[in-house]
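# Structure at a glance
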Amino acid sequence: MLTRNPKTKSSLQILQDSVKRHHMAHKVSSLLDAYAGLLSNESMILAVNSSFVDPLLQFESQLKIIESSFGMLVVMPSLDKVKEMGSSYEYIEDMENLYHNILNIYENILTSLVSKDLYKLQILKEMLVWMSKDSSYLQERIMVIIKKVLRFTVTKVRKYISVDAPCLGLLAAELSLLCSHEDPSIVQQASLGMCHLLYIARCQNDIGTNKPTNGKSHSLQFPSSDVEFLPKEFQQDESKIAQRVGQTLLPSLLTDFVQSLLMKLSSPDDKIASDAASILIFTLEFHAEKVTMVSKIVDAIYRQLCDNNCMKDVMLQVITLLTCTSPKKVIFQLMDYPVPADDTLIQMWQAAGSQASVAPHVLKTILLILKGKPGEMEDTLTEGKRFSLDITNLMPLAACQALCTFLPLGSYRKAVAQYFPQLLTTLMFQVFYNSELKPILKDRALYAQDALRVLLNCSGLQQVDITLMKENFWDQLSEDLCYYHGVCFIAKTLSEYNFPQFPETLSYLYKLSVEGPRRSEDTVIVLIFLTEVSFVDCEQLCSHFLFLPKFKSKFQFLVSLPLNVGSYQDLRS
C-alpha cells in the first residue's frame with residue numbers, strides 16, 4: 001500500500017498557494033499602479049497650479065484629479081495586508097516604503113495646493129464629503145492626511161500677514177460629525193484636525209482685529225506635537241464642540257457651519273442626522289446671535305419640512321432659537337410665503353411664537369408689516385431692506401393670518417395686552433383694506449376680520465364678539481355693510497361694555513389723530529372711532545381734545561366729508 005509523504009503538497013494546497021501568490025502579485029501590482037498614477041496626477045496638478053488660468057477653472061480641474069487620486073488611495077490594501085505580501089524582511093520593508101510613499105505623494109499634492117492658496121482647503125471638505133457618502137472610504141490613513149495638511153496650514157498661517165480661508169465653516173461641520181464617530185481612531189484624527197482648524201480660524205480672527213498672530217496670544221494654544229496635546233474636549237462631546245466652534249468662527253463661517261449641519265438632518269444615515277441635530281441645537285443655544293443669513297436658513301427649513309423631513313422637531317426648534325435672537329428676520333421671512341398658509345408654515349409660526357420673551361418683538365414686527373396695504377404698489381423701508389407690497393406679495397394678509405396663530409398663545413398674553421390699542425386699530429385698517437380688494441382676494445379677505453375677532457376673545461372682550469355676532473355684524477361687514485358704519489358699531493359696542501383697555505386705546509387714537517396716518521381713509525377711521533368711544537361724555541371729549549388745534553382741524557375735516565363717505569352726523573343717526 002502506497003503512503004503519502006507528509007512533506008508532499010496536495011494538488012489543492014498547490015492550487016491555493018498559486019492563487020495566494022497570484023492574489024498578492026495583484027495587490028503589489030495595484031500598489032505600483034497607484035504609485036505611478038499619483039506621480040502622473042501630481043505633475044498635472046502642479047502644472048495647472050503654475051498656469052495662468054481662471055481660478056475657478058483651475059480649482060475644478062485640480063479637484064477632478066484629486067478625486068481620481070483619492071479613488072486610487074481608498075482601494076489600496078491596508079498596511080497589515082501589505083506586510084503579508086512579503087516572504088522576506090527586505091521584501092516587506094520595500095512594500096511598506098512603497099505604501100508610505102503613495103500616501104506621502106497624496107499629502108504633498110494637498111500641501112502644495114494649500115501653501116499657494118488657502119481657498120484650496122475646500123479640497124479637504126470635499127474629501128470628507130466623499131467619505132461620508134461611502135463608509136468604505138472612511139479610513140484612518142485618509143484622516144491622518146487631512147490632519148497633517150491642517151497642521152501644515154497652521155505653520156503657514158502663523159507667518160501670514162492676512163488669512164482668508166472661507167471654507168472653514170463647512171470643513172468644521174464635517175469634522176465635528178467625525179468627532180462623534182464610533183471608531184476611536186477616526187475620532188482621534190478628527191479631533192486633532194478640529195484643533196488645528198480652530199487655530200487657523202483664531203489666527204484669521206486676530207488678523208481681522210489687528211492682534212498678533214503668534215501662538216502666545218491665543219486661548220487655544222498650538223501644541224508642538226500631536227502627542228503633547230490630544231484635544232479630548234472635542235471627542236464625543238458635542239456641547240464642547242459647539243461652544244468652541246461658536247466662540248472661534250467668524251459670523252459668516254459660523255453661518256456656513258449651521259447651514260451645513262442643517263442639510264445633514266436629511267441624511268439617510270440616522271447616526272449622522274442625529275449627531276448633526278445635537279451639534280446644531282447646541283450651537284444655536286450658545287451662539288445663535290452670531291448667525292447671519294437667517295432668512296435663507298428659515299427658507300431652507302420650510303422647504304425641508306415640505307419634503308416631510310423626519311427631523312421636524314429639530315427644525316422647528318431651530319426656528320424657535322433663531323426667533324429668540326433675530327425675531328424680525330424670522331418673522332419677515334415667515335410672512336413672505338403664499339396665502340393662505342399651509343400646515344407646515346403654521347407649525348413654523350407656532351415654533352416662532354413659543355417664547356414669551358420675544359413676543360413683543362414679534363408683534364412689533366407684524367405691526368410694521370401691517371402698515372402696508374395689500375395690493376398697493378409701494379415700497380416700505382424696513383431695516384435697510386425694501387419689499388414691495390403688491391398683488392403677488394400680500395404680506396399683510398399673511399400677517400393677519402399669523403395673528404390668528406400668535407394671539408391665542410399663552411406666551412403672548414402679556415404682549416397682546418401691551419399692544420392691544422395698536423393691534424385693534426391696525427386690524428380695523430386691514431379689514432377696510434381687504435373689503436376694498438374683495439373681488440381680488442375672495443375668501444382671503446376674511447383674515448383681518450378673523451384676527452380682529454381673535455384679538456377681542458384673547459383680550460377679555462368675548463362679550464363684545466358675542467354681541468356683534470348676535471347682530472349679524474361680521475357677516476354684514478364681509479358683505480355690503482358700509483365700512484364706516486361698521487367702525488361706528490364696533491366702537492359703540494366696545495364703549496357700552498366699558499372695555500378695560502379704554503384709556504390706553506383713547507390715548508393711542510388721539511396720538512394717531514395728531515400725528516396723522518399715511519392714508520386719508522385711515523384718518524377717517526381713527527377720528528370716527530375716537531369720537532365714538534368718547535361720545536359717552538361729549539363734554540369730556542371736547543375738554544380733552546377739541547381745544548387742541550391739530551385735533552380740532554381733523555375733526556372739522558371729518559364733519560365736512562361728502563355724504564357718499566358718510567359725515568359723522570349721518571353715521572351717528
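Our structure's up above, just so we're on the same page.
Summary of the structure given here. Here the structure is a predicted model, which is why all the values come from computation and not from measurement.

## Here we look at the environment of Thr 344
Within the secondary structure, Thr 344 sits in helix H15 (residues 343-352). By relative accessible area, which is 15% here, Thr 344 ends up buried. Apart from the residues within four sequence positions on either side, Thr 344 is in contact with Tyr 302, Leu 305 and Cys 306.

## Regarding helix H12 (residues 294-306)
Residues three or four positions apart in an α-helix share a direction because the helix packs 3.6 residues into each turn. For H12, with 13 residues, the first-to-last C-alpha span of 18 Å sits near the 18 Å given by 1.5 Å per residue. Buried residues of H12: Val 294, Ile 297, Val 298, Asp 299, Ile 301, Tyr 302, Gln 304 and Leu 305, and no others. The inward-facing, buried residues of H12 contact helix H10 (251-264), helix H13 (312-325), helix H14 (327-334) and H15. Note on H12: the residue one or two positions beyond its end, Asn 308, has a positive phi of about 60°.

## Some remarks on the environment of Leu 118
Of note, Leu 118 is situated in the loop between helix H4 (89-116) and helix H5 (122-133). A residue is classified by how much of its surface remains accessible, and Leu 118, at 8% relative accessible area, is buried. When the C-alpha positions of Leu 118 and Pro 166 are compared, they lie 8.4 Å apart, and in sequence the two are 48 residues distant. Excluding its chain neighbours within four sequence positions, the residues that come into contact with Leu 118 are Thr 153, Val 157, Tyr 160, Val 163, Asp 164 and Ala 165.

## Quick notes on the packing of helix H2 (residues 55-74) against helix H6 (residues 140-157)
Between H2 and H6, the least distance of the axes is 10 Å, while the angle of their chain directions is 135°. Taken together, H2 and H6 sit at an angle that is classed as oblique. As H2 runs across H6, the sense of the crossing is right-handed. On H6, the residues that touch Phe 70, Leu 73 and Val 74 of H2 are Arg 141, Ile 142 and Ile 145. Here the contact of H2 with H6 is composed, by residue class, of 5 nonpolar, no polar and 1 charged.

## Comments concerning the packing of aromatic side chains
Counted by the stated rule, this structure contains 8 aromatic pairs. Arranged with centres 5.6 Å apart and planes meeting at 85°, the rings of Phe 70 and Tyr 137 form a pair that is edge-to-face. Pair noted here: Phe 70 is in helix H2 and Tyr 137 is in the loop between H5 and H6, with a separation of 67 residues, a long-range link. Members of the aromatic cluster, each reached through a chain of ring pairs, are Phe 70, Trp 130 and Tyr 137.

## Thoughts on unusual backbone geometry
Residue Val 339 is joined to Pro 340 through a cis peptide bond whose omega torsion reads 0°. You can see Pro 340 is positioned in the loop between H14 and H15. Even without a glycine there, the phi angle at Met 293 is positive, about 55°. Structurally, the position occupied by Met 293 is in the loop between helix H11 (270-287) and H12. The backbone of Asn 472 shows a phi angle near 60°, a positive value even though the residue is not glycine. Checked against the element boundaries, Asn 472 lands in the loop between helix H22 (462-470) and helix H23 (473-477).

## Describing the pattern of salt bridges
Following the criterion strictly, the structure yields 5 salt bridges and no others. In this structure, Lys 125 engages Glu 126 in a salt bridge whose closest nitrogen and oxygen atoms are separated by 3.2 Å. For the pair Lys 125 and Glu 126, a shared accessibility class is recorded, and that class is buried. Glu 174 is paired through a salt bridge with Lys 264; the nearest N and O atoms lie 3.1 Å apart. In this pair, Glu 174 sits in helix H7 (residues 168-178) while Lys 264 sits in helix H10, placing the two residues 90 residues apart along the sequence. On the basis of relative accessibility, which here comes to 14%, the residue Lys 264 falls in the buried class.

## So, the nonpolar core
The biggest cluster of nonpolar side chains holds 171 residues, and the ones touching the most others in it are Met 127, Leu 334 and Met 335. In terms of residues, this core owes the most to one element, H4, which gives 11 residues. In this structure Met 335 touches Trp 349, Ile 369, Met 395, Ala 398, Ala 399 and Ala 402, once residues within four positions along its chain are discounted.

Procedures and definitions
Residues numbered from 1 in each chain as written. Predicted model: local features only at pLDDT ≥ 70, side-chain atom pairs only at ≥ 80, totals over all residues. Heavy atoms only, no water. Helix = DSSP H or I, 4+ residues; strand = E, 2+ residues; numbered from the N terminus. Buried < 20%, exposed > 50% of the residue type's maximum accessible area, 1.4 Å probe, protein only. Contact = heavy atoms within 4.5 Å. Expected span 1.5 Å × (residues − 1). Axes fitted to C-alpha atoms, helices over the stretch in contact; angles between N-to-C directions. Parallel < 35°, antiparallel > 145°, perpendicular 65-115°, else oblique. Left-handed = near helix turned anticlockwise from the far one by under 90°. Nonpolar A, V, L, I, M, F, W, Y, C, P; charged D, E, K, R; others polar. Phe/Tyr/Trp six-rings, centres within 6.5 Å; stacked < 30°, edge-to-face > 60°. Salt bridge = Lys/Arg side-chain N within 4 Å of Asp/Glu carboxyl O. Core = buried A, V, L, I, M, F, W, Y, C linked by side-chain atoms within 4.5 Å.

The quantities given are spatial measurements derived from coordinates; they are silent on function.
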